[in-house]
Each structure stands twice: as C-alpha cells, then as structure tokens.
Amino acid sequence: MRHIISTAATGLALLYFVLFRCGPSAFAQSAVAPQNTTNTGATIWVTTTQRIKSKLYENARLSQDPILVVVVHGDASDGSPSTYHYRFAEKAAATISDAVVAAVLRPGYSDGEDTSDGMRGYTTGDNWTPEVVNAVATVLSELKDKYHPRRVILVGHSGGAAIVGNLLGLQGAAAADAALLVSCPCDVTAWRKYMRSIKGGAIWERPVRSLSPLALVDSVSASAKLWLLVGSDDQITPSALTLAYAEALRNRNIAVNVTIAPGLGHNILLEPIAMEHLKEIASTINTGR
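Residues numbered from 1 in each chain as written. Predicted model: local features only at pLDDT ≥ 70, side-chain atom pairs only at ≥ 80, totals over all residues. Heavy atoms only, no water.

Peer 1: How should I be thinking about the packing of helix α3 (residues 130–147) against helix α4 (residues 159–171) in this particular structure?
Peer 2: In a pair of packed helices, the angle between the axes and the distance between the axes together describe the arrangement. Across the interface, α3 lies against α4 with an axial gap of 10 Å and an inter-helix angle of 75°. Considered as vectors, α3 and α4 are oriented roughly perpendicular to each other. Across the interface between the two elements, Val-132, Val-133, Val-136, Ala-137 and Leu-140 of α3 pack against Ile-163, Asn-166, Leu-167, Leu-170 and Gln-171 of α4. For the contact of α3 with α4, the residue count by class is 8 nonpolar, 2 polar and no charged. (Axes fitted to C-alpha atoms, helices over the stretch in contact; angles between N-to-C directions. Helix = DSSP H or I, 4+ residues; strand = E, 2+ residues; numbered from the N terminus. Parallel < 35°, antiparallel > 145°, perpendicular 65-115°, else oblique. Contact = heavy atoms within 4.5 Å. Nonpolar A, V, L, I, M, F, W, Y, C, P; charged D, E, K, R; others polar.)

Laid out in structure tokens, this is it:
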C-alpha cells in the first residue's frame, strides 16, 4: 500500500510540473512574456533592383507600433561571412522592450547561408555608393510599412556607419529619429588618404563613387539625434574622423553625443558599450528627450 501511495504522489507531482512549469500557455495565454526573450531570426527578402536579405528579431513585448532598429554591418575586409550584426540584433531585441531589430545583409555580401544581390566591392570605401544607400533605404521603407513603428533608430558599424550617415544626409527627417554610428569613416576622402598612407598599393588610387557623410551633413535633419562611438585604439577608422563629423553636426545645431571608448579598437559593435548606447538612444527618443 505504501508503494502505491508513493507512486500516486509521484505521478501527481509530475503532472503538476508538466501543467504549471512546462506549459504555462495552457493556463495563462494572455500573460506577458519576459523582456529578455525574442522571436528570433525570421528572414525577409526585399527587392529593389536587387534582392536584399534581412533577419528580424522581435522582442516578446511587441506592440502594434514598436521601436524599429535597423542594423547595417561593416565591410568585412577579411572576406568572411557577415553575421556579427545578427548577434547584435538578437541581443538588442532581447534587451530593449517593444523593439523589432532588423539586421540587413548589404548588397553583394554573404552570411554563409545566403547572399544579397549586388557587388561587394574591395573594402576600399568603394561600396558606399548611391545604389547601395538606396537599397538600404528601400529595406528601411519596407520595414516601416510592415511594422508602423513609432520611432526608428539606425545603427551602422564601420562601412555600415558610412551608409547610415549617407542615408541620414539623403533622406533627412524621413530616414530615422536617431542613429548610432560606430567606428565611422565619416569623411571618405580623409579616410581613404589615411588608409593609403598605412596600406599602400594602387588600389587606393582608384576613384570611387561612394558618398561621404561629411559631405552630406548639411542635409541631415535638424531634429535628428546622433550618437557616435569609436575606440581610442581604432587603427582603421581613427577617432579624428568621428570628431570631424561631430563638429560639422554641431555647427548645424544637431544633437550629437560622442564617446571615444578607452582601450578599444575597431570591431566594437559587440562590446557592451555599444549596446548601452543603443539602450540610451531608445530610452531618449521614447520619452521625447
């Protein structure tokens, strides 16, 4: 008899665990999921003159008019697949409540599974052309139509920061409410001259059709809010390039926050400071500060 009672008790305990610990949706389908969970990695393709891939990461607390964050990766000069911005996007969606984060795979780039249409370029500042900027702008427009966001934040790293800066210059207030530019070669002419001095080679002498954020600064919306982040030890896009862009923005009375991160180099999008900046931006624009 004692064995039978023990077996029954064990069964009831297991039933309680299954129903109340493993299957809460059966009893509380309307409960709000924890903030640090996401619906991750859905793929969308947007067709401009090319097919451009993006991966979407949605915070579990997503409203009908969420914050939209769009992340643009750098040039990946070693030729490796571009995936680090996916990791940043997934973490951002888990960190920022009511945010959907889209990580754009730039034209011509591969993530190891798919490749967006277009030409990848030679990582010499030749791939930030009007066509590339317009392709990213079309992706942004499609995402706005899909999510009807109340606020839009653009995030770019390295060459992606140049593309974001160019988009802000070309579209003005229509582009975004705020942007985070990380390790930005914001003065393309000065950056190419610097790289030519440390790299050498005829490839740096070739003319390029790339747009430069510094050259477009007069068209950036006066209402835009920009955060600029660069490592103090960045040997690829030295802090002087970021500081020159920030000064040009301030000369137009555009709100800009500049951080030179001590001891950090070029590839810092996945450093905690970048995510902290994005959280600050989301909080700032969400409260209208």
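The rest of the description comes next.
Peer 1: What exactly am I supposed to notice about the state of the cysteines here?
Peer 2: Linking two cysteines covalently through their sulfur atoms gives a disulfide. Scanning the entire structure with this criterion turns up 1 disulfide. The disulfide that involves Cys-184 links it to Cys-186, with 2.0 Å between the sulfurs. Its torsion about the S-S bond being 110°, the disulfide of Cys-184 and Cys-186 is classed as right-handed. Neither Cys-184 nor Cys-186 differs from the other in exposure class; each is buried. (Disulfide = S-S within 2.5 Å. Buried < 20%, exposed > 50% of the residue type's maximum accessible area, 1.4 Å probe, protein only.)

Peer 1: Before we go on, may I ask you to explain the packing of aromatic side chains in this structure?
Peer 2: For any pair of aromatic rings, geometry is given as the distance between the ring centres together with the angle between the planes. Per the stated rule, a full pass over the model turns up 2 aromatic pairs. A centroid spacing of 5.5 Å and a plane angle of 45° characterise the contact between Trp-128 and Trp-191, whose relative ring orientation is tilted. Taken together, the positions of Trp-128 in the loop between β4 (99–105) and α3 and Trp-191 in helix α5 (residues 188–199) put the pair 63 residues apart, joining distant regions of the chain. The exposure class of Trp-191 is buried, given its relative accessible area of 5%. Seen in terms of ring centroids, Trp-191 and Trp-204 are 5.7 Å apart; in terms of plane orientation they differ by 75°. Their pairing is edge-to-face. With Trp-191 in helix α5 and Trp-204 in the loop between α5 and β7 (225–231), this pair connects stretches of sequence that are 13 residues apart. Grouping aromatic residues by their ring pairs yields a cluster made of Trp-128, Trp-191 and Trp-204. (Phe/Tyr/Trp six-rings, centres within 6.5 Å; stacked < 30°, edge-to-face > 60°.)

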